[in-house]
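The lines below spell out each chain.
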Amino acid sequence: AQKVTQAQTEISVVEKEDVTLDCVYETRDTTYYLFWYKQPPSGELVFLIRRNSFDEQNEISGRYSWNFQKSTSSFNFTITASQVVDSAVYFCALSEARIGNQFYFGTGTSLTVIP
Amino acid sequence: DAGITQSPRYKITETGRQVTLMCHQTWSHSYMFWYRQDLGHGLRLIYYSAAADITDKGEVPDGYVVSRSKTENFPLTLESATRSQTSVYFCASSEFLANTGELFFGEGSRLTVL
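Keep in mind it's a predicted model, so treat the numbers as computed, not measured.

Here is what the cut-offs are and how they apply
- Residues numbered from 1 in each chain as written.
- Chains lettered and ligands numbered in written order.
- Predicted model: local features only at pLDDT ≥ 70, side-chain atom pairs only at ≥ 80, totals over all residues.
- Heavy atoms only, no water.
- Phe/Tyr/Trp six-rings, centres within 6.5 Å; stacked < 30°, edge-to-face > 60°.
- Helix = DSSP H or I, 4+ residues; strand = E, 2+ residues; numbered from the N terminus.
- Buried < 20%, exposed > 50% of the residue type's maximum accessible area, 1.4 Å probe, protein only.
- Lys NZ or Arg CZ within 6 Å of the ring centre and 35° of its normal.
- Contact = heavy atoms within 4.5 Å.
- Buried area = accessible area lost by both parts, 1.4 Å probe.
- Salt bridge = Lys/Arg side-chain N within 4 Å of Asp/Glu carboxyl O.
- Polar contact = N/O pair within 3.5 Å; in protein donor to acceptor, adjacent residues only side chain to side chain.
- Nonpolar A, V, L, I, M, F, W, Y, C, P; charged D, E, K, R; others polar.
- Pairing = 2+ DSSP bridges.
- Axes fitted to C-alpha atoms, helices over the stretch in contact; angles between N-to-C directions.
- Core = buried A, V, L, I, M, F, W, Y, C linked by side-chain atoms within 4.5 Å.

A. Highlighting the packing of aromatic side chains. For the structure shown, the criterion picks out 25 aromatic pairs over all chains. Centroid distance W27 of chain B to F104 of chain B: 5.1 Å. Interplanar angle 50°. Geometry classified as tilted. Of this pair, W27 of chain B sits in the loop between β3 (19-25) and β4 (31-38) while F104 of chain B is found in strand β10 (residues 104-105), placing the two residues 77 residues apart along the sequence. A relative accessible area of 33% places W27 of chain B in the partly exposed class. Their ring planes at 50° and their centres at 6.0 Å tell us that Y35 of chain B and F105 of chain B sit as a pair that is tilted. Highlighted residues: Y35 of chain B in strand β4 and F105 of chain B in strand β10, separated in sequence by 70 residues. The pair Y35 of chain B / F105 of chain B is uniform in exposure class, with both members buried. Three or more aromatic residues joined by ring pairs form one cluster here, namely F35, Y37, F47, F91, F103 and F105 of chain A together with Y31, F33, Y35, Y48, F90 and F105 of chain B. For the cation-ring pair, K3 of chain A lies above Y104 of chain A, with the distance from its terminal atom to the ring centre recorded as 5.3 Å.

B. Geometry of the interface of chain B and chain A. If you look at the interface, chain B gives 19 residues, while chain A gives 19 residues. Here chain B meets chain A over a buried area of about 1,700 Å², counting both sides, of which 57% is carbon and sulfur. At the junction of chain B with chain A, the criterion picks out 1 salt bridge. Across the contact surface, chain B and chain A share 3 residue pairs in polar contact (both at pLDDT 80 or more). Classifying every residue of the side of chain B that touches chain A gives 10 nonpolar, 7 polar and 2 charged.

C. Here's a closer look at the pairing of strand β6 (residues 46-52) of chain A. Two elements, strand β5 (residues 32-39) of chain A and β6 of chain A, share 6 bridges in a ladder whose sense is antiparallel. Residue pairing across strands places F35 of chain A opposite R50 of chain A, the latter belonging to β6 of chain A.

D. Summary view of the sheet that holds strand β7 (residues 64-66) of chain B. All names here are of chain B. Spatial ordering of the open sheet is given by β1-β3-β8-β7, a layout of 4 strands whose pairing is antiparallel. In the strand order of this sheet, the two ends are held by β1 (4-7) and β7, each with one partner. Averaged over all neighbouring strand pairs, the angle between strand axes comes to 15°, with direction disregarded. In this structure, β1 lies alongside β3, joined through 4 bridges in antiparallel fashion. When the sheet's bridge partners are listed, T5 is paired in β3 with H24.

E. Spotlight on the nonpolar core. In this structure, W36, F77, Y90 and L111 of chain A are the most contacted members of the largest nonpolar core, which totals 23 residues. Among the elements that take part in this core, strand β10 (residues 88-96) of chain A stands out by supplying 4 residues, more than any other.

F. Inspection of the pattern of salt bridges at higher detail. Counted under the stated rule, the structure contains 9 salt bridges over all chains. Two residues, R17 of chain B and E14 of chain B, come together in a salt bridge whose shortest N-O distance is 3.6 Å. Classification of E14 of chain B by relative accessible area gives partly exposed; the value is 45%. The shortest N-O distance in the salt bridge between R36 of chain B and D38 of chain B comes to 2.7 Å. In this structure, R36 of chain B and D38 of chain B share a single accessibility class: buried. Each of the salt bridges in this network shares a partner with another, and the network as a whole consists of R51, D55 and E59 of chain A.

Next comes the structure, spelled out in structure tokens:
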């Protein structure tokens, strides 16, 4: 079973629109960590955020915000006022404390921001 | 600059040949990982290492061999390359226990097996 599901394979938005990338995870652990990574067209993977399972407070960083809801096992990522530079593939990932040493990545959401 | 570097960045080889992808990190991170990225599959863990001389299988280890004689190096070897191993390979490292710290990735190695 997929531990991390990113149901949106591709999304296209027009510049300045807001966009939300969905991430649903599955775990039986009470202690776990969630991550978002960005992969721009150049190919490198860039860390965006880490959230542990005990911290459900939403986070905002500039135009980026993350909504963590344990009740729905979701960790969604919103980009406000999207820009062309936001075009990338975004990966959500889960790491479980009990097993450790393994990150489970979703299949990624490819975001295209149209100027 | 400190960081994690992979070589080669691009490699074309033929079926049956042995290929080694190199990974070097300068942070002295304990944990190192090899992932492959394929369309529709995201990133899948091949092997990981918790320290020098300690390695373990990930999700898709078949056809791959790793070693870690030094903390800073974690080479990945395809002993007899197959076309299904055509992929982009990412090396990563982590300072803390892997389940608490983020992964720092190399730039990737694009391997084509003909």
